[in-house]
Amino acid sequence: MKKLLILLFLLLPLAAGAKTTGKTIRKADLTSIISEFRRYDGVEVVNLGRLGTAAVKAVARTAARKDPEMREALDLVRGVRKLTVLEYGDSASDVKERLNNRLRAALQGSDLLMEAKDGNSAMRIYGVVDDATGDVSNFVLHAPNDGALIFVSGTLSADMLGKMMSDD
């Protein structure tokens, strides 16, 4: 899973250059599915709303005063308004299968920016790319085999991410 996340962040700038067809992420459907399945054993949900993300950014801004790399990271996530992490890898197989089916249906028709595979694991990356700015909004990472979904509401700067990754 960690390899997939590293690969994702290395390839994200390429995805930002992809042409989009104007499709969107159906946020209400994802929110409904997460709310429905959060009550099952083995399903963990972490929600960071506007207030939570603002608090994290404020703390990070304070820490970034002396760290230029931290300032660049803050520029990357400046437009993030909400973050939801759904982890269901430890749930019962029938729950995992139903959840994957519901998520697949909710994401059907959304722009698939890229898919990264590593053995039996796959990470699908969805989002809406603004052709004018290159920013990615309503960013979704879904790893169905690993039982994980990350949903970022707001915008991520793909150019800044590419710059940060090339500096390392």
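As a reminder, the structure under discussion sits directly above these lines.
This structure is a prediction, so every number in the text was calculated from the model and none was measured.

**Student:** For this particular structure, what's the right way to read the overall build of the chain?
**Tutor:** Of the regular secondary structure elements, the chain holds six helices and six strands. The linear arrangement of helices and strands in the chain, starting from the amino end, is α-α-β-α-α-β-α-β-β-β-β-α. Taken across its 168 residues, the chain has 41% of its residues classed as buried. Within the chain, residue pairs in contact and separated by at least 24 positions form 64% of the contacts whose partners lie at least 6 positions apart.

**Student:** I would appreciate a short explanation of the pattern of salt bridges in the present structure.
**Tutor:** It is possible for side chains bearing opposite charge to pair when their charged atoms get close. Under the criterion given, the structure shown has two salt bridges. For the salt bridge of Glu 36 with Arg 102, the shortest nitrogen-to-oxygen distance reads 2.7 Å. Here Glu 36, found in helix H2 (residues 27-37), pairs with Arg 102, found in helix H5 (residues 93-107); they are 66 residues apart in sequence, far enough to count as distant. The shortest N-O distance in the salt bridge between Glu 115 and Arg 124 comes to 2.9 Å.

**Student:** Looking at this model, I keep getting lost on the pairing of strand E5 (residues 135-143). Mind explaining?
**Tutor:** Look at any regular strand and the pattern is simple: side chains alternate between the two faces of the sheet. The element E5 is largely enclosed, with a buried count of eight among its nine residues. Pairing of strand E4 (residues 121-129) with E5 involves five bridges; the strand directions are antiparallel. Following the sheet pairing, Ile 125 is matched in E5 by Leu 141. The turn joining E4 and E5, which pair antiparallel and follow one another in sequence, is formed by five residues; a positive phi near 80° is taken by Gly 134. With eight bridges joining them, E5 and strand E6 (residues 148-157) adopt antiparallel strand pairing. Each residue of the ladder has a partner; that of Ser 137, found in E6, is Thr 155. Between the antiparallel neighbours E5 and E6 lie four residues, among them Gly 147 with a positive phi of about 70°.

**Student:** I tried to follow the layout of surface pockets on my own but got confused; where do I start?
**Tutor:** Regions of empty space are outlined by a rolling probe, equal in size to a water molecule, passed over the atoms. Computed from the structure, the second largest pocket encloses a volume of approximately 260 Å³. Every residue lining the second largest pocket is counted, 15 residues in all, and those nearest its centre are Thr 31, Asn 47, Lys 82, Thr 84 and Phe 151. Its residues placed into classes, the lining of the second largest pocket shows four nonpolar, six polar and five charged.

**Student:** Is there a simple way to think about the sheet that holds strand E1 (residues 44-48) in this case?
**Tutor:** Sheet strands pair via backbone hydrogen bonds, and the direction of the pair is either parallel or antiparallel. Strand order across the open sheet formed by six strands is E1-E2-E6-E5-E4-E3, with antiparallel pairing between neighbours. A strand with exactly one partner marks an edge of an open sheet, and here the two such strands are E1 and strand E3 (112-118). In this sheet, adjacent strand axes meet at a mean angle of 10° when their direction is disregarded. Running over the sheet, H2 touches E1, strand E2 (80-87), E5 and E6 and is turned about 145° from E6. Each of E1 and E2 touches helix H3 (residues 50-63); the most contacted strand, E2, lies at about 105° to it.

**Student:** Just checking my understanding: could you explain the packing of H2 against H5 for this structure?
**Tutor:** A pair of packed helices is captured by two measures, namely the crossing angle of their axes and the spacing between those axes. Close contact between H2 and H5 brings their axes to 9 Å; oriented N to C, the two are set at 170°. Put simply, H2 runs roughly antiparallel to H5. Two secondary-structure elements touch here, H2 through Asp 29, Leu 30, Ile 33, Glu 36 and Phe 37 and H5 through Val 95, Arg 98, Leu 99, Arg 102, Leu 103, Ala 106 and Leu 107. The residue inventory of the contact of H2 with H5, partitioned by class, reads eight nonpolar, no polar and four charged.

**Student:** Teacher, can you tell me more about the packing of aromatic side chains here?
**Tutor:** Given two aromatic rings, one states the distance between the centres and the angle between the planes to describe the pair. A full pass over the atoms with the stated rule returns one aromatic pair. Pairing Phe 37 with Tyr 40 gives two aromatic rings, centres 5.4 Å apart and planes at 35°, and the pair type is tilted. Using a relative accessible area of 1% as the deciding quantity, one classes Phe 37 as buried.

Conventions used here
Residues numbered from 1 in each chain as written. Predicted model: local features only at pLDDT ≥ 70, side-chain atom pairs only at ≥ 80, totals over all residues. Heavy atoms only, no water. Helix = DSSP H or I, 4+ residues; strand = E, 2+ residues; numbered from the N terminus. Buried < 20%, exposed > 50% of the residue type's maximum accessible area, 1.4 Å probe, protein only. Contact = heavy atoms within 4.5 Å. Salt bridge = Lys/Arg side-chain N within 4 Å of Asp/Glu carboxyl O. Pairing = 2+ DSSP bridges. 1 Å grid on protein atoms, 1.4 Å probe; cavity = no way out; pocket = protein on both sides within 12 Å on 5 of 7 lines; lining within 4 Å. Points joined across faces, edges and corners; volume = space filled by probe spheres on them. Nonpolar A, V, L, I, M, F, W, Y, C, P; charged D, E, K, R; others polar. Axes fitted to C-alpha atoms, helices over the stretch in contact; angles between N-to-C directions. Parallel < 35°, antiparallel > 145°, perpendicular 65-115°, else oblique. Phe/Tyr/Trp six-rings, centres within 6.5 Å; stacked < 30°, edge-to-face > 60°.

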